[in-house]
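Residues per chain are reported as follows:
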Amino acid sequence: MKNDFVSYLFLVNKERVLQHLYFGKSVADFDAFSFTNLGFDWSKTYLSKTGEEKQYEDGYYHDRSLLEVPSFGYGDERGALIIARQAQGSSKTLFLYSSHRIYDGLPKSKTLPSFKNAGSAKTLEIVLEDEAKGLKLVLSFSLIDGFAGIIRGQKLIATKETDVLRAYSLAFDLPSSDYKLTHFSGDWSYERRLIEEKIEPGTKVLGNTTGRSSHEENPFFFLSEPGSEEENGEVYGFSFLYSGSWKGEINVAKFNSTRILLGINDSSFSYRLMPKEEMELPFALLCHSSSGFGPLSRNLHDFERNHIISFPSSYLAHPILINSWEACFMDFDTAKLLTFAKEARMMGTDLFVLDDGWFGERNDDTSSLGDWYVNTKKVDMEKLISYVHESGMKFGLWFEPEMVNPKSVLFKEHPEFALANLEEEPDLSRHQLQLDLANPKVINYLYDAIENILSKFDIDYVKWDHNRSRGTAYSPYLKNEKEGELEYRNTMGYYELLSRLTSKHQNILFEGCASGGGRYDLGELFYTPQIWCSDETDPVQRLFIQYSTSYAYPLVSMGTHISKNPIMDYASKGEIALFGTYGLELDPTKLSEKEKEEIRKTMDAYRRLSPLIAEGDLYRLRNPYHDNSFCLLVINKAKSQGVFLYVNLLKENARYRYVKLRGLKKDTQYTLSGYERSLSGEYLMNVGINLYGWQNEFQSHYIELQEVAK
Ligand code: DGJ
């Protein structure tokens, strides 16, 4: 398969095994022999079903050939894609080619996040079979014009009762091990730290078992050839459309090859398939760039904006949000909220969001999750929403649907809805338990409760939070025998609930959140086009978080708000928050006139620039993880408008601090805000701009570029 950017090649050998050949820059011809002929080896034989010792053909070896569907139990130490067991027989799996077809479009899924706008997509679907187990694997590879990547889909179909013990979504072999691994580890308020390390023999495991794609490790990573940088070097990117616990394995084998495996975390996983039953596995993306990380990110951003993310039509102008959380936490009443809304509107915000604390008896985080009815002692919801709408703003409301506090009506009435064994001592986190979304009754309860609020009140936006990781969960619904399905079924339950609510309310913007950015992944973005990036609102820390998030996700998906954090003034904080979906997390009644003025200026800039930020190409010019500065540039597709931000970290002095811009038109003159004369694209890209002199800690340089009309 190939498009203008990439070729993806494999062959079905005489043993009917899918041997991987190549994924990389598009090539017109290919020498498959050099990939399959690995030299003589005495261990090339196997015992056939007829009892004779046979030679593998086509130079094929289970343990060292490059493979699409690595087997289990045949001596391949690099890691298997699927492991399955039946009442009779071993856990061995060996999937052999059975048939294929090619169709226009992208694979569809009944249960999982997938893709929008198939566009020019073509899909090759291959059916493989483990004949001993009667287990089918339907594998698909899709290519879309303009996207330097492959979408991989998989489905398992059983003919006999089978326990699936591992069901990864992607296996990818490379004929080299000379790579750097770049991945994104972190914690609450410390999301997606850029980690770079050389891969070594053995297996490096990424991922988590927290029940969400996690703060701890984001389901996205790169392998790059030595010396790769923003605009040079061969880079492979791996991403997963899944919001639950995941696992990535990077194995460097003794024969100098590298295997990447990516899928649902198999640590306590097992899934029982009954005859004719099928299990859809989440989609995985494999991306490529032959000229560095920058083009890979830009190409991926385009793909995500075109095929994964979609905003309701009333949100295409990206309204400026103000959220009550950091302003007053749960300490509010109607009068306070009305004053807050009035002041916010006077400052120019467009969307007023009432965060946690409006429901049940909730005045602190010890109670009421699950009781989704308005606390009328605290809020006159009707009055508040009418006021907000009449003043010209949209209205948003916070929910944390997947959780329950033991101190709640829901828990009192339905303790069996909680994902906990109440015979043991369930561990609480933030005083709460998770709900068992494997149980259809729980999904229906939540759907009705939330739907009741959404249809009763005129709501334009929902912030969907998730504030605890799975912990020692137990599903009363699945009971012990199906406990291994808990993780997958709960994630599927989450998708079902989200999908029912988002399709019923297509005009509402759903923003994802999980204690900040604990569930930032492509599965989530399929339903919630915007995600609150992190609870960390310290702007300097945000530089790091937003910078590394941009490797995998476009700026338009990042909730980037300013707060009263005093480390910078509002002008600089605002400039940083402009590179995302701008908003405020503060009490507008407590701002000085000077502060309001600074914020208003950024709001004006956001209104001017939001189409550019949402749709433009991002260039990372200085990496704060490597340098003493952070610098981003966004250029629109027509290359006529841009916005540049440089932030210095530690104080330093330099007479020559040139930053070369990228992505401009060579022969075009650009005006730069704050500069007297216009400069050509050629000059700006080859010579750059000199940000000379003393730079204080966190000093920022913000420049807007505009093409000079000819
Ligand atoms: C965590 C979120 O990240 C915050 O923005 C806020 O919504 C709180 N939860 C509310 O409990």
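These numbers come from a predicted model, not from an experiment.

What counts and what doesn't
Residues numbered from 1 in each chain as written. Predicted model: local features only at pLDDT ≥ 70, side-chain atom pairs only at ≥ 80, totals over all residues. Heavy atoms only, no water. Helix = DSSP H or I, 4+ residues; strand = E, 2+ residues; numbered from the N terminus. Rg over C-alpha atoms; globule rule 2.2 N^0.38 Å. Buried < 20%, exposed > 50% of the residue type's maximum accessible area, 1.4 Å probe, protein only. Contact = heavy atoms within 4.5 Å. Areas by Shrake-Rupley, 256 points an atom, 1.4 Å probe, with all protein chains shown as cover. Lys, Arg positive; Asp, Glu negative; His and termini not counted. Charge placed at Lys NZ, Arg CZ, Asp CG, Glu CD. Axes fitted to C-alpha atoms, helices over the stretch in contact; angles between N-to-C directions. Parallel < 35°, antiparallel > 145°, perpendicular 65-115°, else oblique. Phe/Tyr/Trp six-rings, centres within 6.5 Å; stacked < 30°, edge-to-face > 60°. Lys NZ or Arg CZ within 6 Å of the ring centre and 35° of its normal. Polar contact = N/O pair within 3.5 Å; in protein donor to acceptor, adjacent residues only side chain to side chain. Salt bridge = Lys/Arg side-chain N within 4 Å of Asp/Glu carboxyl O.

Across its full length, the protein chain holds 13 helices and 39 strands. For 710 residues, the compact-globule formula gives about 27 Å, and the C-alpha radius of gyration of the protein chain, at 27 Å, lands near that figure. The principal-axis extents of the C-alpha atoms in the protein chain amount to approximately 90 × 70 × 40 Å. Out of the 710 residues in the protein chain, the part that is buried amounts to 62%. Here the contacts in the protein chain between residues at least 6 apart in sequence split such that 68% fall between residues at least 24 apart. For the protein chain, the exposed area adds up to about 27,300 Å²; of that, 50% sits on carbon and sulfur atoms. Here the protein chain contributes 80 positively and 100 negatively charged side chains, and the mean placements of these two sets differ by 2 Å.

Bringing the packing of helix H2 (residues 293–307) against helix H10 (residues 539–552) into the picture now. Where H2 contacts H10, the two axes come as close as 7 Å, and the packing angle between them is 70°. Here H2 is positioned roughly perpendicular relative to H10, judged by the angle of their axes. For the pair H2 and H10, the contacting residues are Phe 293, Ser 297, Leu 300, His 301 and Glu 304 in the first and Ser 550, Tyr 551 and Ala 552 in the second.

Moving on, we get to the environment of Phe 23. For Phe 23, the location among the structural elements is in strand S2 (residues 18–25). For Phe 23, a relative accessible area of 2% gives the class buried. Remark: the alpha-carbon pair of Phe 23 and Gly 149, spanning 126 residues in sequence, is separated by 9.0 Å. Ignoring any residue separated from it by four or fewer positions in sequence, one finds Phe 23 in contact with Val 6, Ser 7, Tyr 8, Ala 148, Gly 149, Ile 150, Phe 172, Tyr 236, Leu 286, Cys 287 and His 288.

To continue, consider the packing of aromatic side chains. What the rule picks out here adds up to 47 aromatic pairs. Measuring from ring centre to ring centre gives 5.4 Å for Tyr 271 and Tyr 488, while their planes differ by 90°; the resulting arrangement is edge-to-face. Of this pair, Tyr 271 sits in strand S18 (residues 271–273) while Tyr 488 is found in helix H8 (residues 486–504), placing the two residues 217 residues apart along the sequence. Assessed through its relative accessible area of 4%, Tyr 488 is described here as buried. An aromatic cluster is defined as three or more aromatic residues linked by ring pairs; in this entry it consists of Tyr 8, Phe 10, Phe 23, Phe 141, Phe 172, Tyr 179, Phe 221, Tyr 236, Phe 238 and Trp 246. The ring of Tyr 74 carries the charged tip of Lys 92 above its face, separated from the ring centre by 4.2 Å.

The next point concerns the side chain of His 701. Topologically, His 701 is positioned in strand S39 (residues 700–707). By relative accessible area, His 701 is classed as buried at 18%. For His 701, the side chain forms a polar contact with the side chain of Gln 695, separated by 2.9 Å. When neighbours within four sequence positions are excluded, His 701 is seen to be in contact with Phe 644, Leu 645, Tyr 646, Leu 691 and Gln 695.

Let us look at unusual backbone geometry. Comment: phi is negative for the bulk of residues other than glycine, and the bulk of peptide bonds are trans. For Phe 329, which is not glycine, the phi torsion reads 45° and is therefore positive. Along the chain, the position of Phe 329 falls in the loop between helix H3 (325–328) and helix H4 (334–347). Owing to a relative accessible area of 43%, Phe 329 belongs among the partly exposed residues under this scheme. Here His 431, not a glycine, exhibits a phi torsion of approximately 60°, which is positive.

A separate point is the pattern of salt bridges. Oppositely charged side chains can pair when the atoms bearing their charge come close. Using the criterion set out here, one finds 49 salt bridges in the structure. Note that Lys 155 is salt-bridged to Glu 278, the shortest N-O span being 3.9 Å. With a gap of 123 residues between them, Lys 155 in strand S9 (residues 149–158) and Glu 278 in strand S19 (residues 278–289) connect regions that are remote in the sequence. The partly exposed category is assigned to Glu 278, whose relative accessible area is 30%. Across the pair Glu 231 and Arg 298 runs a salt bridge, and its minimum N-O distance is 3.0 Å. One end of the pair, Glu 231, is in the loop between strand S14 (217–224) and strand S15 (235–240); the other, Arg 298, is in helix H2, with 67 residues separating them in the sequence. Taking relative accessible area as the criterion, Arg 298 reaches 10% and is therefore assigned buried. In this structure, a network of salt bridges that share partners links the residues Asp 76, Arg 78, Asp 173 and Arg 259.

By themselves, these observations are geometric and do not establish any function.
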